[in-house]
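# A look at the structure
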Amino acid sequence: AQSVAQPEDQVNVAEGNPLTVKCTYSVSGNPYLFWYVQYPNRGLQFLLKYITGDNLVKGSYGFEAEFNKSQTSFHLKKPSALVSDSALYFCAVRQQAGNNRKLIWGLGTSLAVNP
Amino acid sequence: EPEVTQTPSHQVTQMGQEVILRCVPISNHLYFYWYRQILGQKVEFLVSFYNNEISEKSEIFDDQFSVERPDGSNFTLKIRSTKLEDSAMYFCASMQRETNEKLFFGSGTQLSVL
């Protein structure tokens, strides 16, 4: 069965420090992987996706994520966190082939960036 | 940037009542979705809609649920007889084309069933 795990409910980081939000997945075959961010009282916003090609994907607001096939991970990273990055981050996956095209979502990780 | 808009932002209803949640997707998008998120739980896929028909639905999307695109701009989710467990945040999303793989979400409708 397809699944996504975000092992940390909350990540705290000081402004200016690097941040990592972890995601691991389980899917049949090759995955499509996504990160979305949800700011308070807003809908989810697309950050970045991995479809194929370079394992390091760059996205919006200076975020990037690295696809690691052997570890089935797709961790979200940013070299220098901003207070405005504080939000809820969701990882999602779906399989590339086959009829099951719906996204499977993680539970989300709350990122708090402290000034 | 264009936005997906949802109305109302909050809806309170009595158990057994019908509710209609409304969404206006981005105008040149072709694929439409409803998701929901029960407090503290995962974002769950409900249904996808393309070319005026449902293309995929989850096991949650039973006979009590229906979707419509009545006028080429609105995309509605109807729950015929609400249950307490339907209380959740409901998100509408749209995508320009399937190869794009980028979903645009609305701000959600918080449905409370009493």
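Here's a quick rundown of the structure. (Residues numbered from 1 in each chain as written. Chains lettered and ligands numbered in written order. Predicted model: local features only at pLDDT ≥ 70, side-chain atom pairs only at ≥ 80, totals over all residues. Heavy atoms only, no water.)

## Thoughts on the side chain of Gln6 of chain A
All names here are of chain A.
- Along the chain, Gln6 turns up in the loop between β1 (3-5) and β2 (10-14).
- By relative accessible area, which is 9% here, Gln6 ends up buried.
- Within the structure, Gln6 has its side chain in polar contact with the backbone nitrogen of Gly108 (distance 3.2 Å).
- Contacts of Gln6, omitting those with residues within four sequence positions, involve Val21, Lys22, Trp35, Tyr89, Phe90, Cys91, Gly106, Leu107, Gly108 and Thr109. (Helix = DSSP H or I, 4+ residues; strand = E, 2+ residues; numbered from the N terminus. Buried < 20%, exposed > 50% of the residue type's maximum accessible area, 1.4 Å probe, protein only. Polar contact = N/O pair within 3.5 Å; in protein donor to acceptor, adjacent residues only side chain to side chain. Contact = heavy atoms within 4.5 Å.)

## A short note on the packing of aromatic side chains
- Applying the stated criterion across every chain yields a total of 19 aromatic pairs over all chains.
- Each ring, one from Phe49 of chain B and one from Phe75 of chain B, has its centre 5.3 Å from the other, and the planes form 45 degrees; the classification is tilted. Taken together, the residues Phe49 of chain B in strand β5 (residues 43-50) and Phe75 of chain B in strand β8 (residues 75-79) connect sequence positions 26 residues apart.
- For Phe49 of chain B, a relative accessible area of 5% translates into the label buried.
- A relative accessible area of 0% means that Phe75 of chain B is categorised as buried.
- Through successive ring pairs, a cluster of aromatic residues spans Phe34, Tyr36, Phe46, Phe90 and Trp105 of chain A together with Tyr33, Tyr35, Phe45, Phe91 and Phe105 of chain B. (Phe/Tyr/Trp six-rings, centres within 6.5 Å; stacked < 30°, edge-to-face > 60°.)

## Observations regarding unusual backbone geometry
All names here are of chain B.
- A cis amide bond, omega -10 degrees, links Thr7 with the succeeding residue Pro8.
- Looking at the element boundaries, Pro8 is found in the loop between β1 (5-7) and β2 (10-13).
- At Asn52, a residue that is not glycine, the phi angle is positive and equals roughly 65 degrees.
- By the element assignment, Asn52 lies in the loop between β5 and β6 (53-57).
- On the accessibility criterion, Asn52 (60% relative accessible area) is exposed.

## Digging into the state of the cysteines
All names here are of chain B.
- Across all of its chains, the model carries two disulfides over all chains by this definition.
- Between the sulfur atoms of Cys23 and its disulfide mate Cys92 the distance is 1.9 Å. Handedness of the Cys23-Cys92 disulfide follows from its S-S torsion of about -65 degrees: it is left-handed. Highlighted residues: Cys23 in strand β3 (residues 19-24) and Cys92 in strand β9 (residues 88-95), separated in sequence by 69 residues.
- Residue class for Cys23 comes out buried when judged on its relative accessible area of 1%. (Disulfide = S-S within 2.5 Å.)

## Thoughts on the sheet that holds β1 of chain B
Residue and element names in this part refer to chain B.
- Ordered by their spatial adjacency, four strands build an open sheet running β1-β3-β8-β7, and the pairing between neighbours is antiparallel. The open sheet has two edge strands, β1 and β7 (65-68), and neither has a second partner. Averaged over all pairs of adjacent strands, the angle between their axes in this sheet comes to 20 degrees, without regard to strand direction.
- Of the pairings in the sheet, the one linking β7 to β8 comprises four bridges and is antiparallel in character. In the strand pairing of β8, Glu68 is matched with Thr76. (Pairing = 2+ DSSP bridges. Axes fitted to C-alpha atoms, helices over the stretch in contact; angles between N-to-C directions.)

Interpretation in functional terms is not warranted from these geometric data alone.
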